[in-house]
Amino acid sequence: MDEQAHTASKREAGYRAAELVQPGMVIGLGTGSTVFFAMERLKERIAAGLNIQGIPTSLQAATRAREYGIPLTSLDEYPEPDLAIDGADQVDPKFRLIKGRGAAHTREKCVAASAKQFIVVIDESKLTTHLNAPVPIEVIPFAATPVVARLKFMGGLPVIRQGVKKDGPVITDNGNIIIDCSFGRIDSPEKLEHDLCSIPGIVENGLFTRFTKKTLVIVGSRLLTSADVIP
Ligand code: 5RP
């Protein structure tokens, strides 16, 4: 599948998710290129009279939502949004995810955890039988060195994410750094997600294993069931 086909698939997924939004809903707005397509379609629906509010998961999502005329609110105003729409970097057959390529996974996880339904929009390249991508981990800068040591002790290969067109590490919207840590094939994502968050200094990690029951995955124009994720 070439780049153009991936983009077309992301657009289809985003648009399909936007069609599931009902009048009056409060929706979590994830971060990344696929969610932007959902926002693009929401912009059209808002222009046609749809009344919704969005909770952005990053500065990037907030900026795009404002450009598109999507009224914004917060988890303080709406602690239980109707749904959250978000992208992912890997999705396995049980709808467990790795997220955080955009370093927004901490707020994305807060919003996904609070929402009644979680809609994940992806193209085919994100489907995998086993999660094995590096796990993005948000860490307070103060604890970077001991956290790196703990991750190595756990068998991981931690790398501090570096900025592009900016010297030094990526700094998240929360003022923290990101460590991308490879663990090879992750046989128990639930355990790894839990173990990572028990390390002092780690704010959140990009494994999403706890929302599977309320997750709907849209790949291109298809609503997936887990049986569709084939080797
Ligand atoms: C940001 C994320 C994104 O949702 C994920 O990286 C997918 O992005 P895209 O839709 O651009 O492929 O987790 O932190």
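Residues numbered from 1 in each chain as written. Predicted model: local features only at pLDDT ≥ 70, side-chain atom pairs only at ≥ 80, totals over all residues. Heavy atoms only, no water.

(A) How the structure looks around the domain arrangement of the protein chain. Considered domain by domain, the protein chain is made up of domain 1 (3–128 + 210–229) and domain 2 (135–203). Taking only C-alpha atoms into account, the centre of domain 1 sits 24 Å from that of domain 2. The partner domain 2 presents 15 residues to the 14 residues of domain 1 that form the contact. Roughly 1100 Å² is buried in total at the junction of domain 1 and domain 2, and carbon and sulfur atoms are behind 46% of that figure. Where domain 1 meets domain 2, there are 3 salt bridges. Between R96 and E190 there is a salt bridge whose closest N-O contact spans 3.1 Å. Here domain 1 and domain 2 share 10 residue pairs in polar contact (both at pLDDT 80 or more) between them. Among the elements that take part in the side of domain 1 that touches domain 2, helix α4 (residues 105–114) stands out by supplying 4 residues, more than any other. (Domains from an automatic or database assignment. Contact = heavy atoms within 4.5 Å. Buried area = accessible area lost by both parts, 1.4 Å probe. Salt bridge = Lys/Arg side-chain N within 4 Å of Asp/Glu carboxyl O. Polar contact = N/O pair within 3.5 Å; in protein donor to acceptor, adjacent residues only side chain to side chain. Helix = DSSP H or I, 4+ residues; strand = E, 2+ residues; numbered from the N terminus.)

(B) Here's a closer look at the side chain of R161. Note that R161 resides in the loop between β8 (157–160) and β9 (177–182). The contact partners of R161, leaving out residues within four places of it in the chain, are G100, R101, G102, A103, P136, P169, V170, I178 and D180.

(C) Representation of the packing of aromatic side chains. Across all of its chains, the model carries 3 aromatic pairs by this definition. Seen from their ring centres, F118 and F211 are 6.0 Å apart, and the 85 degrees between their planes marks the pair as edge-to-face. Taken as a pair, F118 in strand β6 (residues 117–122) and F211 in the loop between β11 (207–208) and β12 (215–219) lie far apart in primary sequence, 93 residues in all. There is no split in this pair, since F118 and F211 are both buried. Ring geometry for F208 against F211: centres 5.8 Å apart, planes inclined by 75 degrees, an arrangement best described as edge-to-face. For F208, a relative accessible area of 1% translates into the label buried. Owing to a relative accessible area of 8%, F211 belongs among the buried residues under this scheme. (Phe/Tyr/Trp six-rings, centres within 6.5 Å; stacked < 30°, edge-to-face > 60°. Buried < 20%, exposed > 50% of the residue type's maximum accessible area, 1.4 Å probe, protein only.)

(D) Geometry of helix α2 (residues 33–47). Here α2 spans 21 Å end to end across 15 residues, near enough to the 21 Å set by a 1.5 Å rise per residue. Turning to α2, its buried residues number three or more, namely T34, V35, F36, F37, A38, M39, R41, L42, R45 and I46. Looking at the buried positions of α2, the neighbouring elements they touch are α1 (3–19), β1 (26–29), α3 (59–67), β3 (83–86) and β6. At the exit of α2 stands G49, carrying a positive phi of roughly 115 degrees. (Expected span 1.5 Å × (residues − 1).)

(E) Fine view of the environment of I186. Counting through the fold element by element, I186 comes out in the loop between β9 and α6 (189–197). Among the residues examined, I186 registers a relative accessible area of 7% and is labelled buried. Between the C-alpha atom of I186 and that of A17, which follows or precedes it by 169 residues, the distance is 29 Å. When near neighbours in sequence (up to four residues on either side) are disregarded, I186 contacts I98, L131, A133, V135, L192 and L207.

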